[in-house]
Amino acid sequence: MTPTPFSSCTLLRKDFSSREELIDYVRALSPQAEGDASYAALGGATQARAALSAADPALYGRTRNYHDGKVTRLSPYITHGIIDLNTVRNDALQKTGPPEQAYKFIQELGWRDFWHRVARQHPEWLWSDIEPYKTGWQPADYADHLPADIAGATTGVAAIDGFIRQLFETGYLHNHARMYVASYVVHFRRVKWQAGAAWFLQHLLDGDAPSNNFSWQWIASTFAAKPYVFNLENVAKYFAGAVDTRPGNNRAIDAEYPALAALLFPHLPPQAP
């Protein structure tokens, strides 16, 4: 198919006989795009309303950290302006009895709003360290580019590779899994958070620079009091059955927290057992 010339004045087609025809059209508009993936997630106001209707704010608050928890999958619709935070919050309050039942759900909406307000006030912070690393390492100690094995989901850490493949195949990753992958990239592999943040934005359907980048900074400790670190026990608690959590296939993350801290941050004072 010959690529369709595209400019800011081009009126895009909206009528397609099938999803496959739409995908071919989008590929023709972006011949320079890498990869050949088309995701199963559907866009549009109808799908957004269905996702909002299915949201359970109280259950979300109790189960959101688990891979099979009651997460909403609303983030792509929010990112692309199909639904707004105010509508989501009001829906949550209408669905719950005491407002406290929706507290955690609304708190996460508040974080998203906060990140955007910070970005508007300090746009230079989106890609720059806000604070020094609290890891005992200097910025020059971190690699500028993502290693090929991370980009290819071949790190040899089975759980991490599983999460990365999910990202590639679906354009989505559970928020808790995003934290694990970011921590692995920055702390276990000592790669600058900017490289990881840019990589996520290339693949996430809900990719949103303020939420994404400031969350990476929180993990890295350049916008937090300490680095975020995880271990295999934590992954197994929340994601057993979703990814491979067998110790023999995850040796790099299979340790108690004091031992991991000593390995990852040797310049910091030892953690108390």
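Numbers given for residues are sequential positions, taken from 1 along each chain in its written order. The predicted nature of this model means local features are confined to residues of pLDDT at least 70 and side-chain atom pairs, given and counted, to a pLDDT of 80 or more, with totals for whole chains, interfaces and linings taken over all residues. Heavy atoms throughout the structure, all of them, feed into the side-chain values; hydrogens and water do not.

## Remarks on the nonpolar core
Definition in use: Residues enter a nonpolar core if they are buried and are Ala, Val, Leu, Ile, Met, Phe, Trp, Tyr or Cys, with the set joined through side-chain atoms within 4.5 Å. Only protein chains enter the accessibility calculation, which uses a 1.4 Å probe. A residue is then buried if its area is under 20% of the maximum for its type, exposed if over 50%, and partly exposed in between. Helix numbering and strand numbering both begin at the N terminus, where a helix is a DSSP run of H or I of at least 4 residues and a strand a DSSP run of E of at least 2. Note on contacts: a residue pair is in contact if any heavy atoms of the two residues lie within 4.5 Å.
The biggest cluster of nonpolar side chains holds 43 residues, and the ones touching the most others in it are Phe163, Tyr180 and Phe230. Of all the elements in the fold, those that place two or more residues in this core are α8 (158–170), α9 (175–188), α10 (193–203), α11 (209–220), α12 (232–239) and α13 (257–264). Non-local contacts of phenylalanine 230, meaning those with residues more than four positions away in its chain, are made with Ile160, Tyr180, Ser183, Tyr184, Phe188, Val235, Ile253, Tyr257 and Leu260. The next biggest cluster of nonpolar side chains, apart from the first, holds 13 residues, and it includes Ile83, Val88, Ala92 and Leu109.

## Observations regarding the packing of aromatic side chains
Stated precisely, the cut-off is as follows: Ring pairs shown here join Phe, Tyr and Trp side chains whose ring centres sit within 6.5 Å, with only the six-membered ring taken for Trp; geometry is labelled stacked below 30 degrees between planes, edge-to-face above 60, and tilted in between.
Across all of its chains, the model carries 21 aromatic pairs by this definition. Ring centres 6.4 Å apart and planes at 85° place the aromatic pair phenylalanine 168 and tryptophan 199 in the edge-to-face group. Within this pair, whereas phenylalanine 168 is found in helix α8, its partner tryptophan 199 is found in helix α10, the two being separated by 31 residues in sequence. For tryptophan 199, a relative accessible area of 6% gives the class buried. Ring centres of tyrosine 180 and phenylalanine 230 lie 5.0 Å apart, and the angle between their planes is 45°; on these two criteria the pair is classed as tilted. Here tyrosine 180 is found in helix α9, whereas its partner phenylalanine 230 is found in the loop between α11 and α12, with 50 residues between them in sequence. Take tyrosine 180 and phenylalanine 230: they sit in the same class, and that class is buried.

## Digging into the confidence of the model for the protein chain
Formally: Confidence of the predictor at the level of single residues is given by pLDDT, which spans 0 to 100.
This prediction gives the protein chain a mean pLDDT of 92; 91% of its residues lie at or above 70. Per-residue pLDDT stays below 50 along residues 1–8; that stretch engages in 10 contacts with residues further than four places along the chain or on separate chains.

## Considering the packing of helix α6 (residues 103–121) against α11
What counts here: Each axis is a line fitted through C-alpha atoms, and for a helix only the stretch in contact is used; angles between axes span 0 to 180 degrees, taken between their N-to-C directions. By the definition adopted for this analysis, an angle is roughly parallel if under 35 degrees, roughly antiparallel if over 145, roughly perpendicular if from 65 to 115, and oblique otherwise. Residues are grouped as follows: Ala, Val, Leu, Ile, Met, Phe, Trp, Tyr, Cys and Pro are nonpolar; Asp, Glu, Lys and Arg are charged; all remaining types, including Gly, are polar.
At a minimum axis distance of 8 Å, the contact between α6 and α11 shows a crossing angle of 90°. Here α6 lies roughly perpendicular to α11, going by the angle between them. Packed against α6, whose contacting residues are Arg112, Trp115, His116, Val118 and Ala119, the element α11 presents Pro210, Ser211, Phe214 and Ser215 at the interface. When its residues are assigned to classes, the contact of α6 with α11 shows five nonpolar, three polar and one charged.

## A look at α6
Where we set the bar: By definition here, a helix of n residues has an expected span of 1.5 Å times n minus one.
In this model α6 runs 26 Å from its N-terminal to its C-terminal C-alpha over 19 residues, within 8% of the 27 Å that 1.5 Å per residue would give. Every buried residue of α6 is accounted for by Phe105, Leu109, Arg112, Trp115, Val118 and Ala119. Elements that come into contact with the buried residues of α6 comprise α3 (57–63), α4 (75–79), α5 (85–95) and α11.

## Section: the pattern of salt bridges
Quick note on the threshold: The term salt bridge refers to a side-chain nitrogen of Lys or Arg lying within 4 Å of a carboxyl oxygen of Asp or Glu.
This structure, assessed with the given rule, holds 11 salt bridges. One salt bridge connects arginine 117 with aspartate 113, and the closest N-O pair in it is separated by 2.6 Å. Remark: aspartate 113 and arginine 117 occur in helix α6; sequence separation between them is four residues, near one turn of the helix. By relative accessible area, which is 29% here, aspartate 113 ends up partly exposed. Salt bridges sharing common partners tie together Arg13, Asp15 and Glu21.

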